[in-house]
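# An overview of the molecular structure
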Amino acid sequence: MELLIKKGKGERRQSRVSSTLKDKDKRFLWHPFTQMRDWQEEDILVIERAQGVYLEDIQGRRYLDGVSSLWCNIHGHQVPEIDRAIEDQLKKVAHSTFLGLSHAPAVELAEKLIEISPKRLTRVFYSDSGSEAVEIALKMAFQYWRHRERPEKKKFAKLTLGYHGDTLGSVSVGGMDLFHEIFSSLLFETYAIPSPYRYRWPGTRDTEKVKEESLAAMEEVLARHHKELAALVMEPLIQGAAGMIDQPTGYISRARELTKKYNLLLIFDEVATGFGRTGTMFASDQEKVSPDILTAAKGLTGGYLPLAVTLTSEEIYEAFLGNYGEKKTFFHGHTYTANPLACRAALASLELFKKKRVLERLRPKIAFLRSRLEDFYQIPIVGDIRQVGFMIGIELVRSRETQEPFDWNDKIGIRVIQKARAKGAILRPLGSVIVLMPPLVMLERELSRLLEITYQSIKEVSEEIKRC
Ligand SMILES: *Cc1c(COP(=O)(O)O)cnc(C)c1O
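Residues numbered from 1 in each chain as written. Predicted model: local features only at pLDDT ≥ 70, side-chain atom pairs only at ≥ 80, totals over all residues. Heavy atoms only, no water.

## Quick word on the domain arrangement of the chain
Many analyses report the size of an interface as the accessible area lost when the parts associate. Basically, it comes down to this: The split into domains, and so the bounds of each, comes from an automatic or database assignment of domains. By definition in these notes, contact holds between two residues if any of their heavy atoms fall within 4.5 Å. Buried area is calculated as the accessible area (1.4 Å probe) missing from two parts once they are joined, with the contributions of both summed. Criterion for a salt bridge: a side-chain nitrogen of Lys or Arg within 4 Å of a carboxyl oxygen of Asp or Glu. We define a polar contact as two N or O atoms separated by no more than 3.5 Å, with the added condition that, inside protein, one atom must be a possible hydrogen donor and the other a possible acceptor, whereas residues neighbouring each other in sequence contribute only through side-chain atom pairs. Numbering of helices and strands starts at the N terminus; helices are DSSP runs of H or I of at least 4 residues and strands are runs of E of at least 2. Side-chain classes follow a simple rule in which Ala, Val, Leu, Ile, Met, Phe, Trp, Tyr, Cys and Pro form the nonpolar group, Asp, Glu, Lys and Arg form the charged group, and the remainder, Gly included, forms the polar group.
Domain parsing of the chain yields domain 1 (45-75 + 358-467) and domain 2 (80-355). Computed from C-alpha coordinates alone, the two centres of domain 1 and domain 2 are separated by 27 Å. If you look at the interface, domain 1 gives 32 residues, while domain 2 gives 30 residues. Taken together, the two surfaces of domain 1 and domain 2 that pack against each other cover about 2,700 Å², and 62% of this comes from carbon and sulfur. If you sort the residues of domain 1 by the area they bury against domain 2, Trp71, Met391 and Gln403 come out on top, with a joint share of 23%. Between domain 1 and domain 2 we count 1 salt bridge in total. Of the charged contacts in the structure, one is a salt bridge between arginine 200 and glutamate 395, with a shortest N-O distance of 2.9 Å. Taken together, the links from domain 1 to domain 2 amount to 16 residue pairs in polar contact (both at pLDDT 80 or more). Where the side of domain 1 that touches domain 2 is concerned, the elements lending two or more residues are α4 (68-71), α14 (358-373), β13 (382-388), β14 (391-396) and β16 (433-436). Class assignment of the residues belonging to the side of domain 1 that touches domain 2 gives a composition of 22 nonpolar, 7 polar and 3 charged.

## So, the pattern of salt bridges
Short version of the rule: Only protein chains enter the accessibility calculation, which uses a 1.4 Å probe; a residue whose area is less than 20% of its type maximum is buried, one above 50% is exposed, and one in between is partly exposed.
Throughout the structure, instances matching the rule amount to 31 salt bridges. Across the pair aspartate 38 and lysine 411 runs a salt bridge, and its minimum N-O distance is 3.5 Å. One end of the pair, aspartate 38, is in helix α3 (residues 36-41); the other, lysine 411, is in the loop between β14 and α15 (412-423), and 373 residues separate them in sequence. Taking relative accessible area as the criterion, lysine 411 reaches 39% and is therefore assigned partly exposed. Note that arginine 256 is salt-bridged to aspartate 292, the shortest N-O span being 3.0 Å. One end of the pair, arginine 256, is in helix α11 (residues 251-261); the other, aspartate 292, is in the loop between β10 (265-269) and β11 (293-296), with 36 residues separating them in the sequence. Judged on exposure class, the residue arginine 256 and its partner aspartate 292 are both buried. Overlapping salt bridges bring together Arg415, Lys419, Lys423, Glu460 and Glu464 as one network.

Next up, the structure:
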């Protein structure tokens, strides 16, 4: 109370508004991936505005956006070019259906996407989220083999530590037991290939050995089951949500060779890795690999609006052509498919990649991050640091010698990000992996501050643990 009295009139009102908002949030809402009982106890953060690489809460505190507002922001917030593109489109039409009608923003964006994506990909199918894009990829692959008169090819191979979204199909091809165990009886059966997780590979941590052994395991699964396999689904170069598990160089090329050899489709889920996140427009570009199907979403609109795409080869597209009565149609679509505002935002974002030379400017910043991250090994609980471009995972462990992991109940990641929040950066961990995934436009000095905050936060938690 005393504190309140000392404040000015404006601040008093603001603090009242903020507590009302927080109370109402706790009364009316159910947040994703959140234990709501804990939420009730927390002093929750309510974001009011954002500018550039900063988020601002209703109390006027500013935070570095350290995870690109969940991996999707590219050019920062309130980007004049994207704002304007959406405003201009608003003056024409906010939404009209894509079922049986078309519009310029969707057509123009499709043309651009085909221009910049791996060369095999020539068709664009729109949806609204990454999960849907993957769901669509699975259904397309399944139906493709029907049309090719190979109906027995209806199963999917996947990597053990994959994440492809939260709908039942995308969960089926995911591998994160923690989130999905409870739904297991609702999921379809898949063949799992061990992810090339170097830090925890049994028997060795040598990159070449892990690569050899994990690819041998991949071939074994494909060789044994190819007759019933429709496709292999995987995140290329780095598995995001499992904890930023990077793949050895050559891994995705070999996955391409093997899927060709055993005659199944290759689906690359680039929902996280797409649009510059790994240093190239798509992760596939780094080894010049063309999958048969590619999904993208998160960064597509620069982090502005929900939009996703499933890109496919002409061969897959053509398999669905036929007489109306043959029912070869792809029976799938959503109400907001190809929303014009979202397509305009995406077009503006892609323009900015060129105009601001985003990828070119990324290179020195990626190198800067790599050199600075080395320092983190000075903290005893840092077990492994993984980086692919602007995707970074810092795995915390109880003991570096034994690699003993922290327990889920230690909430180690949460403790670190709470400290980071108090120091002015928003992060979101994946279990005991601290994730850094800044907007691509973050400048070196801002990156430096983000690293400093992260470093101090991990160090403080490390010291607390040593004490008890
Ligand atoms: C986030 C993510 C998804 C799911 O996307 P949503 O838009 O959250 O449904 C799918 N695949 C990968 C690789 C992702 O990182």
